[in-house]
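If you want the building blocks of each chain, they are given just below.
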Amino acid sequence: MLYQVREWQRALLKPLTNAAHHVAQIASSPMNPWAYTTAGQHMYAGFELLHRLGKEYEKPAFNIKSVQVNGKETTITERKAIQKAFCNLIEFVRDVPDDVAKNSPTVMVCAPLSGHHSTLLRDTVRTLLQDHNVFITDWFDARMVPLSEGSFGLNDYILYIQDFIRQLGSKVHLLSVCQPTVPVLAAVSLMASAGEQLPLSMTMMGGPIDTRQSPTEVNDLATERPLSWFQTNVIYTVPTKYPGYMRHVYPGFLQHAGFVAMNPGRHASSHWDYYLNLLKGDDEDAEQHRQFYDEYNAVLDLPAEFYLDTIQIVFQEHALPRGTWHVNGHRVAPEDIKNTGLLTIEGELDDISGSGQTKAALDLCSGIPNTDKKHYTAIGAGHYGIFSGRRWRELVYPEVRNFIASFEEKSTKANTQTQIVEAEVVQSVKKAPAAEAKPAKVVAKTSKTAMAKTAETTTIEKMAQPASKTETTTKPAKATTSVKAASPVIADQTAVKPIKPSVSEPMPTAQINKTATIKAVKPKLESKPEIVETQNAATIETTKNETKTVETKATEVVKPTVAANEVKANTSAAQPAVKIDYAGIANI
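Reading the values: the criteria
- Throughout, residues of each chain are indexed from 1 in the direction in which the sequence is written.
- The model is predicted, so local features are restricted to residues of pLDDT at least 70 and side-chain atom pairs to those at 80 or more, both for listing and for counting; the totals for chains, interfaces and linings are taken over all residues.
- Side-chain numbers come from the whole structure's heavy atoms, not from hydrogens or water.
- Secondary structure elements are defined from DSSP: runs of H or I of at least 4 residues count as helices, runs of E of at least 2 residues count as strands, and each element is numbered from the N terminus.
- Remark: exposure states derive from per-residue accessible area (1.4 Å probe, protein chains only) relative to the maximum for the residue type, with buried under 20%, exposed over 50%, and partly exposed in between.
- In what follows, a contact means two residues having at least one pair of non-hydrogen atoms within 4.5 Å.
- All accessible-area figures derive from a Shrake-Rupley calculation using a 1.4 Å probe, and residue coverage is judged against the displayed protein chains alone.
- Buried residues of nine kinds, namely Ala, Val, Leu, Ile, Met, Phe, Trp, Tyr and Cys, make up a nonpolar core once their side-chain atoms join them within 4.5 Å.
- One side-chain nitrogen of Lys or Arg within 4 Å of one carboxyl oxygen of Asp or Glu is enough to make a salt bridge.
- Any cysteine sulfur atom paired with another within 2.5 Å is treated as part of a disulfide.
- Within the patch definition used here, like charges are joined within 9 Å and nonpolar side chains (Val, Leu, Ile, Met, Phe, Trp, Tyr) within 5 Å, considering only residues with over 30% relative accessible area and no salt bridge.
- Here the rule is simple: two strands pair whenever DSSP picks up at least two bridges between them.
- The way it works is a 1 Å grid over only the protein atoms, where trapped points that fit a 1.4 Å probe form a cavity and open points with protein on both sides within 12 Å along at least five of seven lines form a pocket, and then any residue with an atom within 4 Å of a point lines it.
- Grid points are joined across faces, edges and corners, and a volume is the space filled by probe spheres set on the points.
- We call Asp, Glu, Lys and Arg charged. Ala, Val, Leu, Ile, Met, Phe, Trp, Tyr, Cys and Pro are nonpolar, and the rest, Gly among them, are polar.
- Interaxial angles span 0 to 180 degrees and are taken between N-to-C directions of axes, which are lines fitted to C-alpha atoms, for helices over the stretch in contact.
- Note on angle classes: values under 35 degrees are labelled roughly parallel, values over 145 roughly antiparallel, values of 65 to 115 roughly perpendicular, and the remainder oblique.
- Note on convention: the crossing is left-handed when the near helix lies turned anticlockwise from the far helix by less than a right angle, right-handed when the turn is clockwise.
- Working definition: a ring pair exists when centres of Phe, Tyr or Trp rings (six-membered ring for Trp) sit within 6.5 Å. Plane angles under 30 degrees give stacked, over 60 give edge-to-face, the rest tilted.
- The criterion for a charge sitting over a ring is simple: Lys NZ or Arg CZ within 6 Å of the ring centre, and within 35 degrees of the ring normal.

Focus: the overall build of the chain
Right, on to step 1. Secondary structure summary: the chain contains 21 helices and 14 strands in total.
Right, on to step 2. Looking at the chain as a whole, 46% of its 588 residues qualify as buried.
Right, on to step 3. Taking all contacts inside the chain whose residues are at least 6 apart in sequence as the whole, residues at least 24 apart take part in 78%.
Right, on to step 4. Only carbon and sulfur atoms are counted for the fraction: they give 55% of the accessible area of the chain, which is about 30300 Å².

Examining the nonpolar core
Right, on to step 1. Core analysis: the largest hydrophobic core is formed by 62 residues, its most contacted members being Met-108, Leu-185, Ile-209, Tyr-307, Trp-325 and Ile-337.
Right, on to step 2. When residues of this core are assigned to their parent elements, the largest contribution, nine residues, is made by helix H6 (residues 181-193).
Right, on to step 3. Residues within four places of Met-108 in sequence aside, it is in contact with Leu-89, Phe-135, Ile-161, Phe-164, Ile-165, Leu-168, Val-172, His-173, Leu-174 and Leu-175.
Right, on to step 4. Counting residues in each nonpolar core, the second largest holds 36 residues, with Ile-64, Ile-76, Val-109 and Val-125 among its members.

Remarks on the pattern of salt bridges
Right, on to step 1. All told, the structure shown has 20 salt bridges when counted by the stated rule.
Right, on to step 2. Taking the shortest distance from any N to any O, the salt bridge between Glu-295 and Arg-122 comes out at 2.8 Å. In this pair, Glu-295 is assigned in helix H11 (residues 283-296) and Arg-122 in helix H4 (residues 122-128), connecting sequence segments 173 residues apart. The exposure classification of Glu-295 matches that of Arg-122, with both residues buried.
Right, on to step 3. For Glu-335, the salt bridge identified is with Arg-331, shortest N-O distance 2.5 Å.
Right, on to step 4. The exposure class assigned to Glu-335 is partly exposed, which follows from its relative accessible area of 27%.

Things to note about the state of the cysteines
Right, on to step 1. Under the definition given, this model contains zero disulfides.
Right, on to step 2. Note on Cys-110: no disulfide assigned, nearest cysteine sulfur contributed by Cys-87 at a separation of 9.2 Å.
Right, on to step 3. Cys-110 sits in the buried class, given a relative accessible area of 0%.

Quick notes on a nonpolar patch on the surface
Right, on to step 1. On the surface, Leu-13, Leu-16, Met-43, Phe-47 and Leu-50 cluster together into a nonpolar patch covering about 400 Å² of accessible area.
Right, on to step 2. Structurally, Phe-47 can be placed in helix H2 (residues 38-54).

Section: the sheet that holds strand S8 (residues 236-237)
Right, on to step 1. Judged by pairing direction, the sheet is antiparallel, and its three strands sit side by side in the order S8-S9-S10 without closing on themselves. With one partner strand each, in any of the chains shown, S8 and strand S10 (302-303) form the two edges of the open sheet.
Right, on to step 2. Of the pairings in the sheet, the one linking S8 to strand S9 (residues 248-250) comprises two bridges and is antiparallel in character. Looking at the pairing, Thr-237 lines up with His-248 of S9.

A word on the layout of surface pockets
To find the voids left in a structure, one rolls a probe of water-molecule size over its atoms.
Right, on to step 1. Roughly 1400 Å³ of internal volume is contained in the largest pocket.
Right, on to step 2. Around the largest pocket sit 37 residues that line it, and Gln-288, Phe-292, Tyr-384, Ser-388 and Gly-389 are the ones nearest its centre.
Right, on to step 3. Contributing elements (two or more residues each) for the lining of the largest pocket: H4, helix H9 (252-262), helix H10 (264-280), H11 and helix H15 (390-463).
Right, on to step 4. Here the element with the most residues in the lining of the largest pocket is H11; it accounts for eight residues.
Right, on to step 5. Taken together, the residues that form the lining of the largest pocket break down as 13 nonpolar, 14 polar and 10 charged.
Right, on to step 6. Of the voids in this model, the second largest pocket is the one considered here, and its volume is about 840 Å³.
Right, on to step 7. Looking at the second largest pocket, it is lined by 41 residues, and the ones nearest its centre are Ser-114, Val-218, Tyr-250, Gln-255 and Phe-259.

Considering the sheet that holds strand S3 (residues 87-94)
Right, on to step 1. Strand order in the open sheet made by the nine strands is S1-S2-S3-S5-S4-S6-S7-S13-S14, with mixed pairing throughout. Both outer strands of the open sheet, strand S1 (66-69) and strand S14 (373-378), are each paired with one neighbouring strand and no more. Here the strands of the sheet are splayed against their neighbours by 25° on average, with no regard to which way each runs.
Right, on to step 2. Packing against the sheet, H6 makes contact with strand S4 (106-110), strand S6 (172-177) and strand S7 (201-205), and its axis sits at approximately 160° to S7.

Considering unusual backbone geometry
Right, on to step 1. One non-glycine residue, Met-246, lies in positive phi territory at about 80°.
Right, on to step 2. In this structure, Asn-328 is a non-glycine residue whose phi angle is positive, near 55°.
Right, on to step 3. One can find Asn-328 in the loop between strand S11 (326-327) and strand S12 (330-331).
Right, on to step 4. When its relative accessible area of 55% is taken as the criterion, Asn-328 is described as exposed.

A few points about the packing of H2 against H11
Each pair of packed helices gets described by two things: the angle between the helix axes and the distance between those axes.
Right, on to step 1. Taken N-terminus to C-terminus, the directions of H2 and H11 make an angle of 20°; their axes are 12 Å apart at the nearest point. Looking at the two axes, H2 sits roughly parallel to H11. When the axes of H2 and H11 are compared, the crossing they make is right-handed. Along the contact surface, H2 presents Tyr-44, Glu-48 and Arg-52, while H11 presents Arg-290, Tyr-293 and Asp-294.
Right, on to step 2. Considering only residue class, the contact of H2 with H11 consists of two nonpolar, no polar and four charged.

Structural notes on the pairing of S4
Right, on to step 1. S4 sits mainly inside the fold: five of its five residues count as buried.
Right, on to step 2. Judged by which residues are buried, S4 turns out to be covered on both faces: Thr-106, Met-108 and Cys-110 on one side and Val-107 and Val-109 on the other are all buried.
Right, on to step 3. Pairing geometry for S4 and strand S5 (residues 133-139), over four bridges, is parallel. For Val-109, the partnering residue across the bridge sits in S5 and is Ile-136.

A short note on the packing of aromatic side chains
Right, on to step 1. Taken as a whole and judged by the stated rule, the model has 22 aromatic pairs.
Right, on to step 2. Residues Tyr-160 and Phe-164 carry aromatic rings whose centres are separated by 6.2 Å and whose planes lie at 70° to one another, so their mutual orientation is edge-to-face. Note that Tyr-160 and Phe-164 are positioned in helix H5 (residues 154-168) at a spacing of four residues, about one turn of the helix.
Right, on to step 3. Here Tyr-160 falls in the buried class, since its relative accessible area comes to 13%.
Right, on to step 4. Residue classification places Phe-164 among the buried residues on the basis of a relative accessible area of 0%.
Right, on to step 5. Put simply, the rings of Phe-86, Trp-139, Phe-152, Tyr-157, Tyr-160, Phe-164 and Phe-306 touch in pairs and so form one group of aromatic residues.
Right, on to step 6. Over the ring of Tyr-160 we find Lys-84, and its NZ or CZ is 5.1 Å from the ring centre.
Right, on to step 7. Note that Arg-225 overlies the ring of Trp-229, its terminal NZ or CZ placed 4.6 Å from the centroid.

Below, the structure is given as structure tokens:
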């Protein structure tokens, strides 16, 4: 109901604020002679202040048109790299040569989802763009997300961050400001536990990692009341005029009222100074006031699930530092992070995240070597000073830039060493086959000789058996291809010369058809690949002696088919099994 009442109030005040704006414009117009009088100046300053106090502030643009890169003015273009239901990942594309972009570290800025838009980090992004490729999470106003998109809790925030990291690759550096330090640390911890590639470094600035350290007024507000109180008093339904109608949210105007209530005197003084600057005509200071409050007063609604999860897990249960936080059944274990750099930054005068709350991440990440962890305290800086303004640019940013550069260089050296090792492995693999190729040639040569002798013997047998075609076409083939039934003449042809039948009558010359022989024996040869083993001296001598018995006259050997088969059977039984190089034969 409160949300609807607030909308009615805005509708009633809108005509008044518009009228105040027009009166201020008329009172300050150069064409108005009263503009140069004291009364005209007071009228202008008063109505301008009234307009700014009553107007509704929309989300401002980043408005980063160009930055200095290597001393040159470089154009910047915004691009939506990844789009999701509750967030876009925005890339700021620099108009630089490809080699400059390739050699620049990539930084993903994790903006807070705590009531303000990501444009609050405009100065952070603009400064980082001088030396880095920059992406930023741009969270949507929950009242603009239709209810059909479902709910969004703290676990969903973690899943979004993990998905963005995977999309950008492992060579990314994370920079989280304030609230997202907790889910970012959880996201990287879960990825480490799962064995995934991790970012090169993490920079955490002013975040509530352990709110038990130096509690602030914000921390006390979250712990003084039970979770049920927040559910009853600060959670409301989006009115009908917005796309997120009926969605339960923590309204941005309540968050804004809480921020102002923390330092009401400071804000009142700031508005009074703005009024005086308008009277004096100090346009520069007046413009700075407008820019700051255009950003500060532009707020967004938070999904109720996300807000209540944050209150319970981060501020009331302290689940992260106590090691009791589980996401989808997996414990968040920062100690599992090992190969990622960690830089924590705190402001000396920070009244939102107290001293030591962000630094606690160094102790939680016990798996990271001390040489890869660092803490920095910005002297004289408040909560906003560590990521925006002069102290950010002059004190904090050099620390961030140097830390990121050190781990970028470390990664480059590691990649170079990996490439050298891989090249050495490739060279060793190339040399290994070359060393094994020489004996392979000997085997092939021996096999070729054996096949030649086998073919010659088979041809002689076929010529000697004209009366029995069946026997000459089947049995000799088995004798030449079967390992167990091979003739001893074939056992080692490197030591035995080709058999020349001693016949009284001229015999037709036996033509050895190597190709035909290979094709005839290949089907069986391929089924049992073995290596030819060189016979020792005793085997060779035995083979020679048995060959003399076989070398008879052609008429005596080939007349009866049975006699030829008996000779082969006897010699096969006398000789042990022979191993033939089938692979070598197939490649002749």
